Amino acid sequence: MVAKRKKLDYEAAVSELESLVERLEKGDISLEESLKLYERGVLLTRDCQEALQAAEQKVQMLLQQSGQSDLVDFDPDSEAS
């Protein structure tokens, strides 16, 4: 039986990812430990992607319920009208 792992919330997952990257960049850990950290990072990345997709779906549903248009890509260079 495989134990179900608990997912972290988005902010906690990103914070842990940042910590993992710092440890990996230092390069003072064994190959085995590096692989474990990398594997953990992959799982955290998947959790973050799922959280972002869920948030986007919620926003899309709210827009549809309010009769507004579809989502548009964010362009930081465009001026707000």
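Look a little higher up for the structure.
> When you look at helix α2 (residues 31-65) in this model, what are you seeing that I'm missing?
Note on helix geometry: an α-helix contains 3.6 residues per turn, so any two residues three or four positions apart are oriented the same way. Taking 1.5 Å per residue, 35 residues should reach 51 Å; α2 reaches 51 Å between its end C-alpha atoms and fits that length. For α2, every residue scored as buried is listed here: S34, L37, G41, L44, D47, C48, Q60 and L63. Packed against the buried residues of α2 are α1 (10-26). One or two steps after α2, the chain reaches G67, where phi turns positive at roughly 80°.

> Where do I start with the pattern of salt bridges in this structure?
Inspection of the entire model under this criterion finds three salt bridges. The salt bridge involving R40 is made with E16; its shortest N-O contact spans 2.8 Å. Here R40, found in helix α2, pairs with E16, found in helix α1; they are 24 residues apart in sequence, far enough to count as distant. Overall, R40 belongs to the partly exposed group, its relative accessible area being 25%. The residue E33 makes a salt bridge to R23 at a minimum N-O spacing of 3.4 Å.

> Got a minute to help me understand the nonpolar core in this structure?
The tendency in soluble globular proteins is for nonpolar side chains to be buried side by side. Grouped together as the largest cluster of nonpolar side chains are six residues: A13, L17, L20, L37, L44 and C48. For this core, the secondary-structure elements that each account for two or more residues are α1 and α2. When residues no more than four places from it in sequence are discounted, the contact partners of C48 are Y10, A13, V14 and L17.

Rules used throughout
- Residues numbered from 1 in each chain as written.
- Predicted model: local features only at pLDDT ≥ 70, side-chain atom pairs only at ≥ 80, totals over all residues.
- Heavy atoms only, no water.
- Helix = DSSP H or I, 4+ residues; strand = E, 2+ residues; numbered from the N terminus.
- Expected span 1.5 Å × (residues − 1).
- Buried < 20%, exposed > 50% of the residue type's maximum accessible area, 1.4 Å probe, protein only.
- Contact = heavy atoms within 4.5 Å.
- Salt bridge = Lys/Arg side-chain N within 4 Å of Asp/Glu carboxyl O.
- Core = buried A, V, L, I, M, F, W, Y, C linked by side-chain atoms within 4.5 Å.

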